[in-house]
Amino acid sequence: MSVSERLQAMQPTDIGVPGPTSLDMARAFRSVRADPLSFLVDVADRFGDLVAFPVPGAPALLVNDPADARHVLQTGARSWGKQTVQYAALARVTGPGLLASSESSWIEHRRLAAPAFHHERLQAVGQEVAAAVDDAVRERLGSSSGTEVVDVAALTHRIGLDAVGRALFSTDLSGQARQLLAATADAAELVVRLGRSILPTAAWVPSRTNVRLRATRRRLDAISAEIVAERRARRSVDGAHGDDLLGLLLDSGLDDVAIRDELVTMVIAGHETVAGALAWTLMLLAEHQPAQDRLRAELAAHRGPVSLLGHRETLPWTRAVVDESLRLFPPAWALSRRAQAPDVIGGHEVPAGTLAIISPWLLHRRAATWSSPASFRPERFLDGASVRAGYLPFGLGPRLCIGREFALGEMVLVLARLLGEYRVEVLDRWTRPEPQAQVAVHPRGGMPLLLTRTGEAG
């Protein structure tokens, strides 16, 4: 390739879509890295539902029209893959697991993992999730009968890690399993740093982040190898390894490297999303006491223990609260796809290689789609709004999160156990924590709320 051809390849492809200039991006560089959510909101407000970023080569587009988002993620999904910086950064920790894989092998891996998320299995693991909640609350609050200030973000993080650990390893929360959970949580911070830029960072560069990431990867590899070896050594008499996700993966015939990738993927996806979403849900209920009272009354009227499934019929208000919380604070704040062939987005022809960035954070606040989009109104989900175009807290299409039902069920079950015994309220002179875009959206600096024991049974 000649020098002129190289220079031409470095020029942004102009397809007639408005967006910030290179100077705008340079000026906003630090603020983009510090607060990407505000940046996305700003450019969507300024330029509309389709925004072009000035990057070298094929276009990079922010896609904020529900029909276009559905096309990229669902109807045209065969033409849009995961060969993006966001998933490449994740894959440096998870390997080519279900979440990060851009290869066709993800279909086979999803088929192998699917039995762990069948309804029968989810019903069975409900008691384990409830036990995770009870253990975390008992550890933090003990027998306190008064009012305490509790960082519910830390509490839900503890619950989320324990719950996903029990789902992955059943009751076998050995020392190695707990180490894997902790090491994967540490890796999430590094994934965020690597995925913040549209342009890739070479893995060989001896930067502080890369050095830490390589060390974390070695730690994850070693712990996973120990867990797999121990489970293989004590398989049951009939040769099966158990019906949790680890057992199913071992029985599937996948090699140990592939099993390691799926375990790490499930830990990151399983605890980061639910922990963050639960913290925001508790905040919204603390801010809106009538909604909390209605939820508590619905739970009190519910006969028998709360299961992990079927809440839209049995606990419609509680499920509506969860759905509305996920609208306002979707854990997966940005999704990205790369065009594998020419396509049309927003009426514009786009070449192969085009990057599409889809932000549920923006779509869920789009005034043209939602009435009073900034308001907490769970009642909007009592009429089936969760199937509305532009609502995608767990993605959309063939790459829809495999753990969606587990996450939704866990959120309802945690609310049932926690709010069955405690009232949650905001502190005096309350100010909402700022949302921080990490692997999921978490409250910056934690979420301190008042918890008061009500004396009711959970």
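Above: the structure in question.
Given the structure is predicted, the values throughout are model-derived calculations rather than measurements.

**Q** Can you lay out the overall build of the protein for me, pointing to particular residues and giving the numbers?
**A** When helices and strands are tallied, the protein shows 18 helices and twelve strands. Contacts in the protein between residues at least 24 apart in sequence constitute 75% of all its contacts with a sequence separation of at least 6.

**Q** Go over the pairing of strand 12 (residues 448–453), please, and point to the residues and values.
**A** Where strand 4 (residues 147–151) lies against strand 12, five bridges are found, and the strand directions are antiparallel. Along strand 12, the bridge assignment pairs Thr 147 with Thr 452.

**Q** Which residues make up the packing of helix 11 (residues 208–233) against helix 13 (residues 256–287), and what are the values?
**A** For the pair helix 11 and helix 13, interaxial distance at closest approach is 10 Å and the crossing angle is 110°. If you check the angle between helix 11 and helix 13, you find them roughly perpendicular. Helix-helix and strand crossings are classified by hand; for helix 11 and helix 13 the assignment is right-handed. Contacts from Arg 217, Leu 220, Asp 221, Ser 224, Val 228 and Arg 232 in helix 11 reach Asp 256, Ile 259, Arg 260, Asp 261 and Val 264 in helix 13.

**Q** Describe the nonpolar core, naming the residues involved and giving the relevant values.
**A** Counting 69 residues, the largest nonpolar core has Phe 53 and Leu 451 as the members making the most contacts within it. A total of ten residues in this core trace back to one element, the largest contributor, which is helix 13. Core analysis: the second largest hydrophobic core is formed by 60 residues, Ile 227, Leu 249, Val 264 and Leu 335 among them.

**Q** Hey, could you go over the pattern of salt bridges for me, with residue numbers and the actual values?
**A** If you walk through the whole model with that rule in mind, you get 24 salt bridges. Residues Arg 138 and Asp 135 are paired through a salt bridge, measuring 3.0 Å at the closest nitrogen-oxygen approach. Of this pair, Arg 138 and Asp 135 both sit in helix 8 (residues 119–141), separated by three residues, roughly a single helical turn. Across the salt bridge formed by Arg 423 and Asp 293, the nearest N and O atoms sit 2.8 Å from each other. Taken as a pair, Arg 423 in strand 9 (residues 422–425) and Asp 293 in helix 14 (residues 289–301) lie far apart in primary sequence, 130 residues in all. Each of the salt bridges in this network shares a partner with another, and the network as a whole consists of Arg 217, Asp 221, Arg 260 and Asp 261.

**Q** Explain the sheet that holds strand 2 (residues 60–63) residue by residue, including any values.
**A** Reading across the sheet, the five strands line up as 1-2-8-5-3 and stay open at both edges, with mixed pairing between neighbours. On the outer flanks of this sheet lie strand 1 (50–53) and strand 3 (80–81), each paired with one strand and no other. Where strand 2 and strand 8 (residues 355–358) come together, four bridges link them in parallel fashion. Along strand 8, the bridge assignment pairs Leu 61 with Ala 356. Lying on the sheet, helix 5 (residues 66–75) is in contact with strand 2, strand 3, strand 5 (335–339) and strand 8; it crosses strand 8 at an angle near 120°.

**Q** Hey, could you go over unusual backbone geometry for me, with residue numbers and the actual values?
**A** Of note, Ser 372 is a non-glycine position whose phi angle comes to about 45°, a positive value. In the Ramachandran plot, Arg 429 falls in the positive-phi region, its phi being about 50° despite a non-glycine side chain. Along the polypeptide, Arg 429 turns up in the loop between strand 9 and strand 10 (435–437). By relative accessible area, which is 79% here, Arg 429 ends up exposed.

**Q** Give me the pairing of strand 5: which residues, what numbers.
**A** For strand 5, the buried fraction is high: four of the five residues fall into the buried class. Inspection of the sheet shows strand 3 paired to strand 5 by two bridges, in the antiparallel sense. By the bridge assignment, Gly 81 is partnered in strand 5 with Arg 338. Here strand 5 pairs with strand 8 via four bridges, running antiparallel. Across the sheet, residue Leu 335 finds its bridge partner in strand 8, namely Ile 358.

**Q** I'd love a proper account of the packing of aromatic side chains, names of residues and values included.
**A** If you walk through the whole model with that rule in mind, you get six aromatic pairs. Look at Trp 280 and Phe 329: their rings are 4.1 Å apart centre to centre, the planes differ by 0°, and that puts the pair in the stacked class. Taken as a pair, Trp 280 in helix 13 and Phe 329 in the loop between helix 16 (316–328) and strand 5 lie far apart in primary sequence, 49 residues in all. The residues Trp 280 and Phe 329 share a single accessibility class, namely buried.

**Q** I'd like to hear about the sheet that holds strand 12, residue by residue, with values.
**A** Across the sheet, which stays open at both edges, the three strands sit in the order 4-12-9 with antiparallel pairing between neighbours. The open sheet has two free edges, formed respectively by strand 4 and strand 9, since each of these has just one partner strand. Adjacent strand axes in the sheet meet at a mean angle of 35°, parallel and antiparallel pairs treated alike.

**Q** Go over helix 4 (residues 36–47), please, and point to the residues and values.
**A** For helix 4, with twelve residues, the first-to-last C-alpha span of 16 Å sits near the 16 Å given by 1.5 Å per residue. Regarding helix 4, the residues found buried are Pro 36, Leu 37, Phe 39, Leu 40, Val 43 and Ala 44. Viewed along the axis of helix 4, the buried residues span an arc of 160°, placing them on a single side of the element. Immediately beyond the C-terminal end of helix 4, within one or two residues, lies Gly 48, with a positive phi of roughly 100°.

**Q** A description of the packing of helix 6 (residues 85–94) against helix 11 should follow, citing residues and the corresponding values.
**A** Across the interface, helix 6 lies against helix 11 with an axial gap of 9 Å and an inter-helix angle of 45°. Judged by the inter-axis angle, helix 6 sits oblique to helix 11. Residues Ala 91, Arg 92 and Val 93 of helix 6 form the contact with helix 11, whose participating residues are Asn 210, Leu 213, Arg 217 and Leu 220. In terms of residue class, the contact of helix 6 with helix 11 is built from four nonpolar, one polar and two charged.

**Q** Tell me about the side chain of Arg 380, residues and numbers included.
**A** Relative to the assigned elements, Arg 380 resides in the loop between helix 17 (360–363) and helix 18 (404–419). Residue classification places Arg 380 among the buried residues on the basis of a relative accessible area of 7%. Side chain to side chain, Arg 380 and Glu 324 meet in a polar contact 3.1 Å long. A polar contact of 2.8 Å, which involves the side chain of Arg 380, links it to the backbone oxygen of Ser 371.

**Q** Tell me about helix 6, and please be specific about residues and values.
**A** Where helix 6 is concerned, the buried positions are Val 85, Tyr 87, Ala 89, Leu 90, Val 93 and Thr 94. Note on helix 6: the residue one or two positions beyond its end, Gly 95, has a positive phi of about 70°.

About the cut-offs
- Residues numbered from 1 in each chain as written.
- Predicted model: local features only at pLDDT ≥ 70, side-chain atom pairs only at ≥ 80, totals over all residues.
- Heavy atoms only, no water.
- Helix = DSSP H or I, 4+ residues; strand = E, 2+ residues; numbered from the N terminus.
- Contact = heavy atoms within 4.5 Å.
- Pairing = 2+ DSSP bridges.
- Axes fitted to C-alpha atoms, helices over the stretch in contact; angles between N-to-C directions.
- Parallel < 35°, antiparallel > 145°, perpendicular 65-115°, else oblique.
- Left-handed = near helix turned anticlockwise from the far one by under 90°.
- Core = buried A, V, L, I, M, F, W, Y, C linked by side-chain atoms within 4.5 Å.
- Buried < 20%, exposed > 50% of the residue type's maximum accessible area, 1.4 Å probe, protein only.
- Salt bridge = Lys/Arg side-chain N within 4 Å of Asp/Glu carboxyl O.
- Phe/Tyr/Trp six-rings, centres within 6.5 Å; stacked < 30°, edge-to-face > 60°.
- Expected span 1.5 Å × (residues − 1).
- Arc of directions from axis to C-beta.
- Nonpolar A, V, L, I, M, F, W, Y, C, P; charged D, E, K, R; others polar.
- Polar contact = N/O pair within 3.5 Å; in protein donor to acceptor, adjacent residues only side chain to side chain.

Remember, this is a structural readout, not a statement about activity or role.
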